[in-house]
Amino acid sequence: MDVIDTYVENQQQRFLEDLIAWLRIPSISTLPSHRPHIEEAARWLRDHLHALGFQAEIIPTEGHPLVYAEHGKDQGKPTVLMYGHYDVQPPDPLEKWRTPPFEPVIEEGYVYARGASDDKGQALIPIHATETLLRTSGALPVHVKVLVEGEEEIGSPNIGSSLRAHREMLKADVALVCDTAMFAKDLPTLVTGLRGLLYTEVEVEGASRDLHSGQYGGAAPNPLNALAKILSGLVNRKGRVTIPGFYTRVKPPAPEERRMWASLPFREDAYLQELGVDAAPGEEGFTVLERRWVRPTLDVHGISGGFTGEGIKTVIPARATAKISMRLVPDQDPEEIARRFARKVHRLAPPGVRVQVRVLASGRPVVVDPAHPALRAAARALEETFRRPPVLIREGGSIPVVSHFQEILGIPSVLMGFGLPDDNLHAPNERFSLANFYSGIRAVARFLLHLAEVLPR
Ligand code: BES
Ligand code: MN
Ligand code: MN
């Protein structure tokens, strides 16, 4: 045990109490009624950082505020920008939670609450790691900047303009993002790529009012039937998205990546069992991991319209809508794909209906160069902490800010996450492993030390 391990062990209880206090604040970004909780969560973090000796402030945006903090003056040390998000997904369906989502409980080594793993528990890791270094050595090996946003779960609509507005303030050598998962328990993981996202809503309108299906059925447009046609036409029997040009810019993974992934502890039968299904359909010709990490996809998230209550009602609805998203991979461009998608949707629409396509959110896909010195520093820190070298994987999820770090600030991101595959992100009974919480703090503290060595000034 070194001083870092000892400090973290001694502070475990308080680190956890801090997290629990933050988790109690229901900072759901997508629900306007929760705006006061968004502000409360931002203030909680600002005050916490301030108490640690950071200069900390709340920065307003067009949407939810950012929390920004810096420790000390830049004395020519390399600078790391630590990113996280304090907003969370809605907790519904509430009845599926074993304990209330905003009343954290500890059970068998996990803390259960909405936001435990995504992302409050993880966002606190670099902050606790910074505290650990300050209290054990009195100084930091790197200059530390902290940026925690409140709109990640709604697609970070304002993060790009905020980074542009504060480019000087945010100047850094590398970003650290703790918002991903480890490939498996006890298997430290660095993520070298994230898929992008294009989230849309399609609205289909038919007659100017609801119609009796006996009087009009067979001789009027039905928006729900039309929507079903459109949706079913977007992906073919081979699991390929049918939008013309959709795959044109798709880059295959490096042969080296493919080889590494083939040696990961992954078994398709165990995967199916975990999901409770007997098949995992998708694009033909690719493995499950390839389909989740480096292939673009299209999914429907919700359909609404017509009658869905108890009993029967013979109606032809005047209107129907669907939420549809596409996960994008390098080098697909969300704006280009949005145009192609809209064109295809209109072409698939049967006569008599009016169709509108709206883009609700988008984020670019990213890859991280595994040879960057910061990744070597991260790998070393993980190996020292977990006693085995990390695996390098990609992830299918999206974190919109990462491409903005690259494009606006010109810096790469180290995606070092400590979630687990069964943390129930965005689902009932979200949880975060306490062992990973504490190991994460130790690993990030070591990462900062190594970073100072590999990024000399
Ligand atoms: N932290 C997740 C992304 C993630 C999850 C990355 C698991 C890797 C592994 C993030 O909070 C998230 O949920 N992103 C959304 C973005 C969307 C709402 C714009 C996503 O991927 O759906
Ligand atoms: Mn997240
Ligand atoms: Mn999320």
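Computed from a predicted model, the values in this text were never measured in an experiment.

Moving on, we come to the overall build of the protein. When its secondary structure is counted, the protein shows 13 helices and 18 strands. Judged by the C-alpha coordinates and their principal axes, the protein covers about 80 × 50 × 45 Å. Within the protein, the proportion of its 457 residues that are buried is 54%. Summarising the internal contacts of the protein: among those between residues at least 6 apart in sequence, 80% fall at separations of at least 24. With an accessible surface of roughly 20500 Å², the protein has 50% of that area assigned to carbon and sulfur atoms. With 52 positive and 57 negative side-chain charges, the protein shows a spacing of 6 Å between the two charge centroids.

This brings us to the side chain of Ser 27. Looking at the element boundaries, Ser 27 is found in the loop between α1 (3–23) and α2 (35–51). Polar contacts involving the side chain of Ser 27 include one to the side chain of Lys 120, which spans 2.9 Å. Not counting the four nearest positions on each side in its chain, Ser 27 is found in contact with His 37, Ile 38, Ala 41, Tyr 86, Asp 87, Val 88 and Lys 120.

We now examine the coordination of the manganese ion (ligand 3). Binding of the manganese ion (ligand 3) to the protein goes through Asp 118 (OD), Glu 153 (OE), Glu 153 (OE) and His 426 (NE2), at separations of 2.1 to 2.5 Å. Around the manganese ion (ligand 3), the 6 donor atoms are arranged such that angles at the metal cover 56 to 158°; this shape is classified as irregular. In primary sequence terms, the donor set of the manganese ion (ligand 3) follows D-x34-E-x272-H. Here the manganese ion (ligand 2) and the manganese ion (ligand 3) are spaced 3.6 Å from one another, each receiving a donor from Asp 118. Residue Asp 118 is found in helix α3 (residues 116–137), and its partner His 426 is found in the loop between β17 (413–415) and β18 (431–433); the two are separated by 308 residues along the sequence. Overall, Asp 118 belongs to the buried group, its relative accessible area being 8%. Judged by relative accessible area, which is 42%, His 426 ranks as partly exposed.

For the manganese ion (ligand 2), the full set of protein donor atoms is His 85 (NE2), Asp 118 (OD), Asp 179 (OD) and Asp 179 (OD), and the range of their distances to it is 2.0 to 2.4 Å. If you look at the manganese ion (ligand 2), its 6 donor atoms make angles of 57 to 164° with each other, and the shape they trace is irregular. In the primary structure, the donors to the manganese ion (ligand 2) are separated according to the pattern H-x32-D-x60-D. For His 85, a relative accessible area of 0% gives the class buried.

What follows is about the site of ligand 1. Taken together, the neighbourhood of ligand 1 is formed by 15 residues, with Glu 152, Asp 179, Arg 327, Ser 398 and His 426 sitting nearest. Between ligand 1 and Asp 179 there is a distance of 2.9 Å, counted from a nitrogen atom to a side-chain nitrogen or oxygen. Taking 520 Å² as the accessible area of ligand 1 by itself, protein coverage stands at 87%.

Next up on the list: the sheet that holds strand β9 (residues 196–205). Whether parallel or antiparallel, the strands of a sheet pair through hydrogen bonds between backbone atoms. Reading across from one edge, β11-β13-β9-β14 is the order of the 4 strands in this open sheet, with antiparallel pairing throughout. Only two strands of the sheet have a single neighbouring strand rather than two, namely β11 (297–305) and β14 (354–363). Pairwise comparison of adjacent strand axes, ignoring direction, gives a mean angle of 20° for this sheet. In terms of strand pairing, β9 meets strand β13 (residues 319–328) through 10 bridges, oriented antiparallel. The partner of Glu 203 across the bridge, within β13, is Thr 321. Sitting on the sheet, helix α6 (residues 223–232) is in contact with β9, β11, β13 and β14, with an inclination near 15° to β13. Strands β9, β11, β13 and β14 of the sheet are contacted by helix α10 (residues 334–348), whose axis makes an angle of about 160° with β14.

So, on to the packing of α2 against α3. Two elements in contact, α2 and α3, have axes whose closest approach is 11 Å; the angle formed by their N-to-C orientations is 15°. As judged from the angle between their axes, α2 and α3 are roughly parallel. In the packing of α2 onto α3, the handedness of the crossing is left-handed. From α2, Trp 44, Leu 45, His 48, Leu 49 and Ala 51 reach across to α3, where they touch Leu 124, Ile 127, His 128 and Arg 135. For the contact of α2 with α3, the per-class residue count stands at 6 nonpolar, 2 polar and 1 charged.

Each domain of the protein was delimited in the assignment, giving domain 1 (3–194 + 365–454) and domain 2 (196–247 + 296–361). Between domain 1 and domain 2, the C-alpha centre-to-centre distance is 36 Å. Listed by partner, the interface residues are 10 residues for domain 1 and 8 residues for domain 2. Carbon and sulfur atoms supply 63% of the area that domain 1 and domain 2 bury against each other, a total of about 520 Å² over both sides. It is Pro 365, Gly 396 and Ser 398 that lose the most area in domain 1 upon contact with domain 2, and together they represent 70% of the buried surface on that side. The interface formed by domain 1 and domain 2 includes 0 salt bridges. At the boundary of domain 1 and domain 2, one finds 2 residue pairs in polar contact (both at pLDDT 80 or more). Taken together, the residues of the side of domain 1 that touches domain 2 break down into 5 nonpolar, 4 polar and 1 charged.

On the basis of which strands lie adjacent, the open sheet formed by 3 strands has the order β4-β5-β18 and antiparallel pairing. Of all the strands in the sheet, just β4 (105–107) and β18 have a single pairing partner and so form its edges. When strand polarity is set aside, the average angle formed by the axes of neighbouring strands in this sheet is 25°. The pairing of β4 with strand β5 (residues 110–112) spans 3 bridges and is classified as antiparallel. Note that in β5 the partner of Ile 106 across the bridge is Val 111. Most of the contacts of α3 go to β18, to which it runs at about 40°, and overall it touches β5 and β18.

Reading the values: rules and limits
- The numbering scheme is per chain: residues are counted from 1 as the chain's sequence reads.
- Key to labels: chains lettered from A, ligands numbered from 1, both in the order written.
- Thresholds applied to this predicted model are a pLDDT of at least 70 for local features of residues and 80 or more for the giving and counting of side-chain atom pairs; totals over whole chains, interfaces and linings are not thresholded and use all residues.
- For side-chain calculations, the full set of non-hydrogen atoms in the structure is used, while hydrogens and water are omitted.
- Put simply, DSSP H or I for four residues or longer makes a helix, DSSP E for two residues or longer makes a strand, and each gets a number counted from the N terminus.
- Only protein chains enter the accessibility calculation, which uses a 1.4 Å probe. A residue is then buried if its area is under 20% of the maximum for its type, exposed if over 50%, and partly exposed in between.
- Residue contacts are counted whenever heavy atoms from the two residues lie within 4.5 Å of one another.
- In this description, accessible areas are obtained by the Shrake-Rupley approach with a 1.4 Å probe, and a residue is regarded as covered only by the protein chains that are shown.
- Counting rule applied: Lys, Arg positive; Asp, Glu negative; His and chain ends not counted.
- Working definition for charges: the position is that of NZ of Lys, CZ of Arg, CG of Asp or CD of Glu.
- Polar contact is the term for a pair of N or O atoms within 3.5 Å; when the atoms are in protein, one must be able to donate a hydrogen and the other to accept it, and sequence-neighboring residues count only if both atoms are side-chain atoms.
- The rule for donors is simple: N, O or S, within 2.8 Å of the metal, or within 3.2 Å if the metal is Na, K or Ca. Water isn't counted, so a site may look like it is missing partners.
- Here a site with four donors is tetrahedral if all angles are between 85 and 135 degrees, and a site with four or six donors is square planar or octahedral if opposite donors are over 155 degrees apart and the other angles are between 65 and 115; anything else gets the irregular label.
- Proximity criterion: a residue is near a molecule or strand once any of its heavy atoms comes within 4 Å of it.
- Paired strands, in this sense, are two strands between which DSSP finds at least two bridges.
- Each axis is a line fitted through C-alpha atoms, and for a helix only the stretch in contact is used; angles between axes span 0 to 180 degrees, taken between their N-to-C directions.
- Oblique is the label for every angle not falling under 35 degrees (roughly parallel), over 145 degrees (roughly antiparallel), or within 65 to 115 degrees (roughly perpendicular).
- We call a crossing left-handed when the near helix sits turned anticlockwise from the far one by less than a right angle, and right-handed when that turn is clockwise.
- Only Asp, Glu, Lys and Arg are considered charged in this grouping, and only Ala, Val, Leu, Ile, Met, Phe, Trp, Tyr, Cys and Pro are considered nonpolar; every other residue, Gly among them, is considered polar.
- For the purposes of this description, domain bounds are those given by an automatic or database domain assignment.
- What counts as buried area is the accessible surface, traced by a 1.4 Å probe, that two parts surrender upon association, with contributions from both included.
- A pair is scored as a salt bridge if a Lys or Arg side-chain nitrogen falls within 4 Å of a carboxyl oxygen belonging to Asp or Glu.

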